[in-house]
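The chain contents come next:
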Amino acid sequence: MPVGIFRVCLVVITAIVNHPLLFPKENGTVPENAEEVIQKMKEREESLRLEQLRLEQEITEQEATQKALEKAAEVVDESKEEKVRWDMWTALSMVIFLLIELWRQDFQEGNWQDTGGEDDEMSVLGKAFKGVAFPDKAVLASFYEKRILGTTGDMARMREMVEGFADDLLEALRSVCNRDADMEVEDCMGVGSMYENWRVHKPFVCDMIVPFAPPEPYRFQSQTWCSGNSFPPDEQGYGTIKVCRADEHGTGCICDKTKLGEDMLCLLHSQANTTKPSSGMEDLLCFKNTQYLDADQVMKWFQIAVTKAWNRISHKYEFDLSFSLLDSPGALKIKFRSGKSVAFNLTPVVQYENSDVYFISHFPQSSLAADLPSSTHWFLTFAVYERRFIHLVSKMLPANACHVSCLQILSFLHGKQCSLTGPSGLTNYHLKTVMLHLLQAHPSQDWAPEKLEARLQDMLKFLEKCLHEKKLCHFFIGNGKVPAELGFPIIFQRAEPLNLFRPFVLRRDVYRKTVDTFHEMLRNMSALIKEYTVHIPLAHTNRIHKESL
């Protein structure tokens with residue numbers, strides 16, 4: 001209790017002592033400066049208020065700027081997302097458009113077919129033959145007899161005349177050539193439809209090939225697309241020919257196979273004998289700065305040689321000889337004084353090793369080798385083996401077999417249709433390839449003369465199936481069933497099959513035109529045959545029916 005009273009008293013005394021009225025002299029300025037202090041405080045307060053307003057304004061502006069940036073970022077993100085969505089829809093739309101366009105083109109080309117049918121491979125053929133009236137046996141037999149059979153005698157007489165003149169011309173060519181510098185020309189060989197007895201279109205043209213070889217000491221070293229080195233797809237069926245010395249890479253000496261020391265010398269092949277081939281032959285018939293035989297150079301050489309040979313023997317004949325096609329080296333034409341003319345092709349070729357396969361410089365009228373990869377690429381022709389195969393099979397067929405008749409009728413119809421609607425991608429070589437495949441597929445009794453109608457339909461069906469698939473394999477290349485009697489090189493039998501319809505895959509316009517022409521030919525077949533058929537007497541019709549029974 002006393003402690004508490006003491007504390008209260010101490011506080012009261014302290015308050016009294018510190019009261020300002022007890023010291024008037026020391027604190028006399030307080031009342032005088034109060035207004036000045038208050039004024040300064042008001043000014044300070046005003047400045048602080050203004051500073052606060054400024055800071056609030058800056059903060060507001062910063063917040064607005066931040067919101068604007070965030071909004072802009074959101075807009076950019078939304079635009080990116082919208083662009084991604086738009087690009088996705090654009091790409092999807094383009095894919096859908098391309099698919100529709102491809103489907104439309106395939107549908108227009110007649111490639112569409114149902115995949116659920118049992119006879120899948122014949123579904124397109126059924127559409128093509130729908131409403132087509134196929135000629136009967138009597139009409140076909142009469143058409144063949146009246147329109148085609150009569151041309152056989154004309155072909156025989158023309159072959160005999162052309163062969164005799166070609167032999168005389170080549171003999172003169174050998175006499176005007178330099179045996180030490182020019183190519184050595186061998187005897188010509190007849191190939192193609194004229195020598196296989198199935199050509200029907202006039203004017204008749206004999207196709208003959210002339211093998212040639214380089215003079216000593218040179219030789220040809222050939223290389224084909226199936227010899228092991230990789231060839232691009234557009235060069236399949238082609239090969240190259242290198243001009244080299246006969247002892248180059250083939251002397252058999254150990255110095256060619258073993259690397260001799262610097263102090264060792266081969267007694268058979270000294271440095272004096274290791275001369276390079278002279279540039280004379282390379283400059284004459286080889287591509288520039290290479291040793292590969294140039295087809296264009298060969299063409300120039302052959303035309304010059306034929307011209308010199310004709311100048312030597314022209315006095316013996318009462319007709320003129322000229323080149324009928326500038327882009328073909330041996331397309332010749334005999335012009336008689338009466339105005340008549342005879343055309344034939346004399347084409348230089350190079351033998352492949354020791355076989356009857358030949359590298360051919362130019363095809364007549366470019367029917368097979370329209371676009372050569374380069375002038376150093378030569379197409380391989382199997383025309384000699386094709387002629388031998390037809391001759392071999394004909395011996396095993398019934399008398400008067402209808403295989404040649406079918407090919408002649410088909411060639412005639414296609415030629416007439418092309419004359420009406422324009423050229424087609426199909427060639428007579430394609431038609432002959434179809435016949436060769438069917439000759440191998442059908443037994444010999446199926447080619448009896450009374451089965452002409454059935455075999456002609458088989459050829460048409462096979463041809464349309466190949467057109468639909470855009471695939472017609474070369475008969476010999478990749479065919480392991482070639483008769484051994486032919487002596488066909490095994491390297492080509494083991495090669496991958498060569499598709500003769502590959503250009504149709506690359507050129508859709510040509511394919512569409514070819515298919516349209518073929519279907520138009522089917523529709524016009526009966527009309528064309530009746531147009532070129534003389535009225536059939538009743539007795540003749542009965543005789544044909546009796547023979548077919």
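Residues numbered from 1 in each chain as written. Predicted model: local features only at pLDDT ≥ 70, side-chain atom pairs only at ≥ 80, totals over all residues. Heavy atoms only, no water.

The chain is annotated in an unreviewed UniProt entry as Inositol 1,4,5-trisphosphate receptor-interacting protein of Anhinga anhinga. Recorded under Sequence similarities (unreviewed entry), the UniProt text for the chain is reproduced unchanged: "Belongs to the ITPRIP family." The record in UniProt for the chain states the following under Function (unreviewed entry): "Enhances Ca(2+)-mediated inhibition of inositol 1,4,5-triphosphate receptor (ITPR) Ca(2+) release." (UniProt positions renumbered as here; feature names shortened; annotations may be inferred.)

Trainee: Break down the overall build of the chain for me, with residues and values.
Mentor: Along the backbone of the chain there are 16 helices and 10 strands. Across the 549 residues in the chain, those meeting the buried criterion constitute 39%. Here the analysis covers contacts within the chain between residues at least 6 apart in sequence; of these, 70% occur between residues at least 24 apart. With the model as given, the accessible surface of the chain reaches about 33000 Å², and the carbon-plus-sulfur share is 56%. (Helix = DSSP H or I, 4+ residues; strand = E, 2+ residues; numbered from the N terminus. Buried < 20%, exposed > 50% of the residue type's maximum accessible area, 1.4 Å probe, protein only. Contact = heavy atoms within 4.5 Å. Areas by Shrake-Rupley, 256 points an atom, 1.4 Å probe, with all protein chains shown as cover.)

Trainee: Can you explain the nonpolar core? Please cite residues and give values.
Mentor: Core analysis: the largest hydrophobic core is formed by 112 residues, its most contacted members being L169, L293, F344 and L346. The contact partners of F344, leaving out residues within four places of it in the chain, are V162, F165, V205, C206, M208, L321, G330, A331, L332 and I334. One finds I209, Y358, F379 and A383 within the second-largest nonpolar core, a separate group that totals 9 residues. (Core = buried A, V, L, I, M, F, W, Y, C linked by side-chain atoms within 4.5 Å.)

Trainee: Outline the pattern of salt bridges, listing residues and values.
Mentor: Once their charged atoms are close, side chains differing in charge can pair, the charge on each being opposite to the other. Taken as a whole and judged by the stated rule, the model has 13 salt bridges. Between R388 and D356 there is a salt bridge, with its nearest N and O atoms 2.4 Å apart. In this pair, R388 is assigned in helix α9 (residues 383-396) and D356 in the loop between β8 (341-351) and β9 (358-360), connecting sequence segments 32 residues apart. Linking D446 and K451 is a salt bridge whose minimum nitrogen-to-oxygen distance equals 3.7 Å. Using a relative accessible area of 17% as the deciding quantity, one classes D446 as buried. Judged by relative accessible area, which is 31%, K451 ranks as partly exposed. (Salt bridge = Lys/Arg side-chain N within 4 Å of Asp/Glu carboxyl O.)

Trainee: So what's going on with the pairing of β8? Which residues, and what values?
Mentor: Most of β8 is tucked away, with 9 of its 11 residues classed as buried. With 7 bridges joining them, strand β3 (residues 205-213) and β8 adopt parallel strand pairing. Paired with M208 across the bridge in β8 is L346. Pairing geometry for strand β7 (residues 331-336) and β8, over 5 bridges, is antiparallel. Opposite K335, over in β8, you have S341 as the bridge partner. (Pairing = 2+ DSSP bridges.)

Trainee: Explain helix α15 (residues 508-531) to me, and be specific about the residues and the numbers.
Mentor: If you check α15, its first and last C-alpha atoms are 33 Å apart, about what 24 residues at 1.5 Å a residue would give, namely 34 Å. The sharpest bend along α15 reaches about 55° and sits at N524. Of the residues making up α15, those classed as buried are Y511, T514, V515, T517, F518, H519, M521, L522, M525, S526, L528 and I529. (Expected span 1.5 Å × (residues − 1). Bend = angle between axes of the 7 residues up to and from the residue.)

Trainee: Hey, could you go over the packing of helix α12 (residues 452-469) against α15 for me, with residue numbers and the actual values?
Mentor: Packed helix pairs are specified by the crossing angle of their axes together with the interaxial distance, meaning the distance between the axes. Taken N-terminus to C-terminus, the directions of α12 and α15 make an angle of 155°; their axes are 11 Å apart at the nearest point. Taken together, the axes of α12 and α15 lie roughly antiparallel to each other. α12 and α15 meet at a crossing whose hand is left-handed. Residues L460, L463, E464, L467 and H468 of α12 lie in contact with α15, whose contacting residues are Y511, T514, F518, H519, M521, L522 and M525. Classifying every residue of the contact of α12 with α15 by side-chain character gives 8 nonpolar, 3 polar and 1 charged. (Axes fitted to C-alpha atoms, helices over the stretch in contact; angles between N-to-C directions. Parallel < 35°, antiparallel > 145°, perpendicular 65-115°, else oblique. Left-handed = near helix turned anticlockwise from the far one by under 90°. Nonpolar A, V, L, I, M, F, W, Y, C, P; charged D, E, K, R; others polar.)

Trainee: Would you mind going over the environment of R502 in detail, with residue names and values included?
Mentor: Among the structural elements, R502 can be located in helix α14 (residues 502-506). Taking the C-alpha atoms as reference points, R502 and L472, 30 residues apart in sequence, are found 8.4 Å from one another.

Trainee: How would you explain the packing of aromatic side chains if you had to name every residue and give the values?
Mentor: Under the counting rule described, the total for this entry stands at 28 aromatic pairs. Ring centres of F212 and W301 lie 5.5 Å apart, and the angle between their planes is 50°; this geometry places the pair in the tilted category. With F212 in strand β3 and W301 in helix α8 (residues 295-313), this residue pair connects regions lying 89 residues apart in the sequence. Across the pair, exposure class does not vary: F212 and W301 are buried alike. A network of ring pairs unites the aromatic residues W225, Y352, F359, F382, Y385, F389, F475, F476, F488 and F492 as a single cluster. We note K470 situated over the ring of Y511; from NZ or CZ to the ring centre the distance is 4.5 Å. (Phe/Tyr/Trp six-rings, centres within 6.5 Å; stacked < 30°, edge-to-face > 60°. Lys NZ or Arg CZ within 6 Å of the ring centre and 35° of its normal.)

Trainee: Break down unusual backbone geometry for me, citing the residues and quoting the values.
Mentor: Residue K202 is joined to P203 through a cis peptide bond whose omega torsion reads 5°. Its place among the elements puts P203 in the loop between α6 (193-196) and β3. Between E216 and the following residue, P217, the backbone shows a cis peptide bond with an omega angle of 10°. For P217, the position within the fold is in the loop between β3 and β4 (218-224). Even without a glycine there, the phi angle at K470 is positive, about 55°. Look at K470 and you get buried, because its relative accessible area is 15%.

Trainee: Give a detailed account of the confidence of the model for the chain, specifying residues and quantitative values.
Mentor: On average, residues of the chain carry a pLDDT of 79, and 73% of them reach 70 or more. Here residues 535-549 is a poorly scored stretch, pLDDT under 50, and it has 13 contacts once near neighbours within four places are set aside; other chains count. (pLDDT = per-residue confidence, 0-100.)

Trainee: Got a sec to walk through helix α11 (residues 428-441)? Specific residues and values, please.
Mentor: The terminal C-alpha atoms of α11, which comprises 14 residues, lie 20 Å apart, in line with the 20 Å expected from a rise of 1.5 Å per residue. Most of α11 is tucked away, with 11 of its 14 residues classed as buried. When α11 is considered as a whole, its buried residues turn out to be Y429, H430, L431, K432, T433, V434, M435, L436, H437, L438 and L439. Against the buried residues of α11 lie α6, α9, α10 (403-421) and α12.

Trainee: How would you explain the side chain of D446 if you had to name every residue and give the values?
Mentor: When you line up the elements, D446 lands in the loop between α11 and α12. Leaving out residues up to four positions away in the same chain, D446 has contacts with K451 and R455.

Trainee: Which residues make up the pairing of strand β5 (residues 238-245), and what values do they have?
Mentor: In terms of residue burial, β5 counts as a mostly covered element, since 6 of its 8 residues are buried. Summarising the sheet, β4 and β5 pair through 7 bridges and their orientation is antiparallel. Its bridge partner lying in β5, F220 is registered against V243. The pairing of β5 with strand β10 (residues 378-381) spans 2 bridges and is antiparallel. The partner of G239 across the bridge, within β10, is W378.

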